[in-house]
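Observations on chain architecture
Below are the chains, spelled out letter by letter.
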Amino acid sequence: MKSIWSIRTGIRDFLESIYRTGRSWIEKYPFIKTAYTIFSWLSLILFVLSLFFVKESRTMMVQYLWSFYVLLQFWFLCRSKTIPWKQIVLFVLVGVFLVVPFTTLTVNALHVLFGGSTSDTWSIAVITPIFEELWKLLPLGIFLLFSRRASALSLSDYTLIGAATGVGFQLMEELSRRWLSSGPLAEKFSYSFTWLGGETIHWDLFSLFPGRFEESVFPTLMTVGHPVHTAMIALACGIAYRLRTKLTKWVFLFPAIMLLWAILDHAAYNGQHQLPGWVFRFHDWTGSGYKTQPAFLLILAASIFADYWSLNKIRNRLPSLPSEPLLNPFTELWNMTRSFCLDRGKFVYWLGFYRERRELGFHLLYGNEEAAGRQEPVQARVKALYQVLTGIAIILLVAGLFTGIGTHASGGEPACFACMFDSLQDWWDRLDWYEQGAILLGVLALSLLFVGFWPAFGIAMTGMGIAGSGHEIAGYIRDPKKLFTPEKALSVAIGIVLNRIPFGKALSWAGKKGRHYVSKLLDKLGSRKPDIDVPVKPKPPKHDGPDHHPGDPKKPDDNPKKPDDDPKKPDDDSKKSDDDPNKDKADEGTEQDETIGDVVKEGNKTKYTNPAGNELTWVDQSPKNINRDIDQFLNSKDVGKATEAKVADFVRNETDIKAYAQKVMRSDGQAAGDLDVVTKDAIIEVKASIKAVKEDQLNKFTDPTHDLFFNPDQKKVILYIDKPLSNLRPEQQAMLESIKSKGVTIINSLENLKGVI
C-alpha cells in the first residue's frame, strides 16, 4: 500500500512541477500568451471559414452540437455538482484523445494475438462492449487516484465525470461514422440508416439524452448512448465509495452489477440475431434496454437527495442567505434563473456561490487530509461571494427604504414595488454624468472595504445597472409575461453574446446610435415605406331584408317610405323575380354554407351536432403538439400507431396537418371514433394491413345518416393501407369495392398518397 502511495505521490508531484514550470515561463515570457491568443483567434477564423467550404467541417459541427447538448442536459440535472464546467470539458477531451485510441489499440492487439478481424461477431458483440465500457471508466479512476479533492466529491460529480467521458467517446465514434458513411442510403436518409433496420441512431431535440441506438423498423431492443451507461456506472462507484464505511465491502458489487448491465445492453444490441438465446433472455429480464435510462434517473434523483440531506446536516457551518432556512436545489435553481433573466450581473455570483458552498460542505463532510489543504481557499471564495450577494441585497434594501421615506415625506400614497424602480430611474436620469460617476466610485470604494476589487466592481456595476433600468424592471414586475415573448428571449440572448465577446458593448452602442440613421437612409432609398395608417374599408353589414339593420337595431331605414307611397300589384314580386336580369349576379355573390350539421366553437373545443341529432366533441390540436406526438409515436412498438406516425410524418412534409390521432367523443363521454390524419382538404384513415380495415369506420366519414357521422366539412376521405393488397380473400375484395363505391380513395403507398393530398 505504501509503495502505491509513493508512486501515486511521485507521479503527481512530477506533473505538478511541469505545470508550475509552464506557468513560470508564461509569466517570464509574456509573448507566449500573446502568441497563443493570436493562434487561437486564427484557428477560430479558419474553422468558421471551413464551415463554408469543407463538408467534413460542417459534419463535425453538427455532431459537436449534439454532444454539447447532451452534456448540457447532464449539467442541468446534476444539481449537487461541485466540479466547474472547465474541468468537465477536460474529461470530454480525455474521452476523445485517450479512451478512443486506447480502446482501439486494445481490440486490435487482441486480434493480433488471437487472430480474427474486428468485423467478427465475437469481436463486435463481446470484446468491443467489454473494453469500451471498462476503458470509459479510466478517466474517473485516474482522477480519483491523483486528485487531492477525490475524497470530497459529490455524487453528482461522479455522474458528470462519467457522462463527460461518455460524451467525448460518443462524439468521436459518431463523427467517424458520419465521415465514413457513403452511398445512396446515407445521402437520401442519414448516416445511420440501414435497409433492414431503418434509422438506428436517434438524435432527437426533445428527447432526454439523445443518441440512443434502436432500429426504427419493428424494434425489439435498444441501448442508450455511451454517456448514460458511463454516468450510471460512475454514479454507482460514487455510491459504493460513500457507503463503504456504513456497509460491508459487498457494497462494491453495486458498481460491478451496473457495469455488467451496461455490457449486456451493449452486447445484445451489437449481436442481434447472432448471440446465443440465453443472452437475450437475460437481456429481456433487464428490460431489453428500455429500463436502463429510467433506472439511472431514479438512482440520480436519490443521489441528489442524499447529497442535500448531507449538506443540511452541517448547514450551521455553511453560509446561508436569510430566505434560505433549508438548503435545496429548487431555491438555488430559482435564484439563478431569476438573476439570469432580470440581472445577469448577479448570475455569475449566484452560480459561483452555490457551487463553492457545496464544495465547502463536502470538504467538511468527507474530505481527508489531502482535501483539507483545499478547504481554506474554498472557504475564502465562498465568503467573498457571500459578501457580494449580501452587499447587493443591502443596496437594494437601502434604495427601497429611501424611496419609501421620500414618498412618505411628500405626503403621497404608499409606493408600489414597481413604482419604486420607476422612481429610482427617474432620480438616476436627472443626475449629470459626473454625479453618476461619483456615485459609482463611492459604491466601489465602500465595497472594497469588504471584498476584493473585481467583486466590488461587480457590485458597483450591478447597482448602476439596476438604477439605469428601473422602468424596464418595473415593466417586468407589472407584466411578467413580457419575459416570455420570443422577442425578449432573442434580445436577452443577443445581449449575453454582445456582453461576452470582445468589443461587444461597443457594437451594441454603435447599433443603438446608428439605428435612426439607417432607418432614414432606407426610407430615402425606397426600400422601406413609411408607416401610414391606411383606412380599411369596412365590410357591408349582412341584411336579412330591406328593412332590417342588425348592426344597429335603433337605426331607421335609410329611405323610409309610407306604405301608400309605392303601391304594388300582388304579382309584381313574382314578375320581377322572373324577369330581373341581375338575379343571377346576385346569386353569384351569395356564399353557400356547405357544412353538414351544426358546428359550434367553444375555445379550443368543437361541438358538432350531426344530421342524426347526436352531439360529438373534439379538442383542437396545436401544430406543436401534433409534431411532438408524431415524433413520439414514430418509434412506437404498436405497429398501428407507428404506421399512423409514419404516414403523418410523410404528410407534414407535403402539407399542413390539422389533426393527428384526434379523439372524437360522444355527449356521454364515450368514444365515437378518431381521426388518424387530417389536412385542410382530406381525412386519411391509416391501417397497417387489410385485416385492420372496418367498413363502418369509413361510413362515419361518408354517410351523413350514420349515427356517428363526423365529417361536417365533407372532406375527401382517403384509406391508406400500409401492407400490399395481394392474395385478398373474396370478402376482403368485396369490402374494398364497397368502400370505393362510397367515394373513398384507397392508397397503398406513400408515393401514391403524395398525389392525392
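Residues numbered from 1 in each chain as written. Predicted model: local features only at pLDDT ≥ 70, side-chain atom pairs only at ≥ 80, totals over all residues. Heavy atoms only, no water.

1. Some thoughts on the packing of helix α24 (residues 623-633) against helix α25 (residues 639-652)
To be explicit about the condition: Note on method: axes are straight lines fitted to C-alpha atoms, helices fitted across the in-contact stretch only, with angles between N-to-C directions ranging 0 to 180 degrees. We count a stretch as a helix when DSSP gives it H or I for four or more residues in a row; a strand needs E for two or more, and each element gets its number in order from the N terminus. Convention used here: angles under 35 degrees read as roughly parallel, angles over 145 as roughly antiparallel, angles from 65 to 115 as roughly perpendicular, and any remaining angle as oblique. What makes a crossing left-handed is the near helix being turned counterclockwise from the far one by less than a right angle; a clockwise turn instead makes it right-handed. Throughout, a residue-residue contact means that at least one pair of heavy atoms, one from each residue, lies within 4.5 Å. Residues are sorted three ways: Asp, Glu, Lys and Arg are charged, Ala, Val, Leu, Ile, Met, Phe, Trp, Tyr, Cys and Pro are nonpolar, and all the rest, Gly among them, are polar.
Running from amino to carboxyl end, α24 crosses α25 at an angle of 130 degrees, the nearest separation of the two axes being 8 Å. If you check the angle between α24 and α25, you find them oblique. As α24 packs across α25, the resulting crossing turns out to be left-handed. Listed contacts from α25 to Asn 627, Ile 630, Asp 631 and Phe 633 of α24 are Lys 641, Ala 642, Ala 645, Ala 648, Asp 649 and Arg 652. Each residue belonging to the contact of α24 with α25 can be placed in one class, and the counts come to five nonpolar, one polar and four charged.

2. Quick word on the pairing of strand β12 (residues 716-721)
Note the following rule: Only protein chains enter the accessibility calculation, which uses a 1.4 Å probe. A residue is then buried if its area is under 20% of the maximum for its type, exposed if over 50%, and partly exposed in between. The path from the first strand over the helix to the second decides the hand: if it runs clockwise while the strands point away from the viewer, the crossover is right-handed. When DSSP finds two or more bridges between a pair of strands, those strands are recorded as paired.
In terms of burial, β12 is a largely internal element, five of the six residues being buried. Chirality of the crossover, the property in question, places the unit of strand β11 (residues 682-687), helix α26 (residues 695-702) and β12 among those that are right-handed. The pairing of β12 with strand β13 (residues 745-747) spans three bridges and is parallel. In the strand pairing of β13, Ile 718 is matched with Thr 745.

3. Concerning helix α5 (residues 121-135)
Each α-helix winds once per 3.6 residues, and so residues spaced three or four apart point in a common direction. Heads up, the rule is: Helix span, as expected, comes to 1.5 Å for every residue beyond the first.
Across its 15 residues, α5 extends 20 Å between first and last C-alpha, which sits within 8% of the 21 Å expected from 1.5 Å per residue. Looking at α5, one finds that the buried residues are Ser 123, Ala 125, Ile 127, Thr 128, Pro 129, Phe 131, Glu 132 and Glu 133. Buried residues belonging to α5 abut α4 (85-114), α7 (155-180), α9 (226-242) and α10 (253-270).

4. Considering unusual backbone geometry
Not every positive phi belongs to a glycine, and Phe 218 is a case in point at roughly 50 degrees. As for its position among the elements, Phe 218 is in the loop between β4 (212-214) and β5 (222-223). Residue Phe 218 is classed as exposed on the basis of its relative accessible area, which comes to 61%. With a phi angle near 55 degrees, Gln 714 is a residue other than glycine that sits in the positive phi range.

The quantities given are spatial measurements derived from coordinates; they are silent on function.
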